[in-house]
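Next come the chains, spelled out residue by residue.
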Amino acid sequence: IFFLVFWVIIKKRYFLISLFVMLLCWNNLDKFIQFNLFKSKPPANAVVVILLSYNVRLFNYYNWLNIKSAHEDILTFIQNEEADLICLQEFLTMESNRFSEDSIKKLLHLNPFSHIHYSHVNSNKRSLGLATFSSYPIVHKGVIEFTGTKNASIYSDIRINDDTVRIYNCYLQSTQLQKDDYNLFDSIMFSHNT
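Described in the following lines is the structure provided in the data block. (Residues numbered from 1 in each chain as written. Predicted model: local features only at pLDDT ≥ 70, side-chain atom pairs only at ≥ 80, totals over all residues. Heavy atoms only, no water.)

The next thing to look at is the overall build of the protein chain. Helix and strand counts for the protein chain come out as six helices and seven strands. When the helices and strands of the protein chain are listed from N to C terminus, the series reads α-α-α-β-α-β-α-β-β-β-β-β-α. By residue count, 31% of the 194 residues in the protein chain fall in the buried class. For the protein chain, contacts bridging at least 24 residues in sequence account for 53% of all contacts bridging at least 6. Total accessible area on the protein chain stands at roughly 14,200 Å², and carbon and sulfur atoms take up 57% of it. (Helix = DSSP H or I, 4+ residues; strand = E, 2+ residues; numbered from the N terminus. Buried < 20%, exposed > 50% of the residue type's maximum accessible area, 1.4 Å probe, protein only. Contact = heavy atoms within 4.5 Å. Areas by Shrake-Rupley, 256 points an atom, 1.4 Å probe, with all protein chains shown as cover.)

Okay, here's the thing in structure tokens:
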């Protein structure tokens, strides 16, 4: 769209290329760009649900960010969003401190219904997993285990008015690339470009 407008403004025929590509892809364009030319009100029986999905990275337990207030900042952010459904990945709780499940729920004033699955519990009473919190009742819960990893997926069937919606909360394994791996990629790309 930018190039189409740009070429038209400077009066070059290159705009035809942009126009041709846009027309060629027109049927798929609405999957990537939404045009809301007319503001319409949702139907009277429509339900608006705010969903927040957030990898909280263990609430910065290992101080990766080197920010002392990161734990509280994360909790404040979640609280300020006022979401109806909250899906957290790398959700960390501990037995008796600011990371306890009860203290996190209390600090966040979290929605009353929850589905928490811990995929890893270690001897220090640290539990790591996934958590889904909902202001609507959760009528069914399930877990999809990924063998050989601490990652998993949970699903929660949530009753919203007269309907039930299934929410998946998934934590996939990272690529676990290290600095040496990135250096190797850079060297391969550099040698290929020369």
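This part is about the packing of helix H1 (residues 2-9) against helix H2 (residues 15-24). Two numbers describe how H1 lies on H2: the axes approach to 8 Å, and their chain directions differ by 150°. Between H1 and H2, the interaxial angle falls into the category roughly antiparallel. In terms of crossing hand, the pair formed by H1 and H2 is left-handed. Contacts between H1 and H2 involve Phe3, Leu4, Trp7 and Val8 from the first element and Phe15, Ser18, Leu19 and Met22 from the second. Residue classes in the contact of H1 with H2 are distributed as seven nonpolar, one polar and no charged. (Axes fitted to C-alpha atoms, helices over the stretch in contact; angles between N-to-C directions. Parallel < 35°, antiparallel > 145°, perpendicular 65-115°, else oblique. Left-handed = near helix turned anticlockwise from the far one by under 90°. Nonpolar A, V, L, I, M, F, W, Y, C, P; charged D, E, K, R; others polar.)

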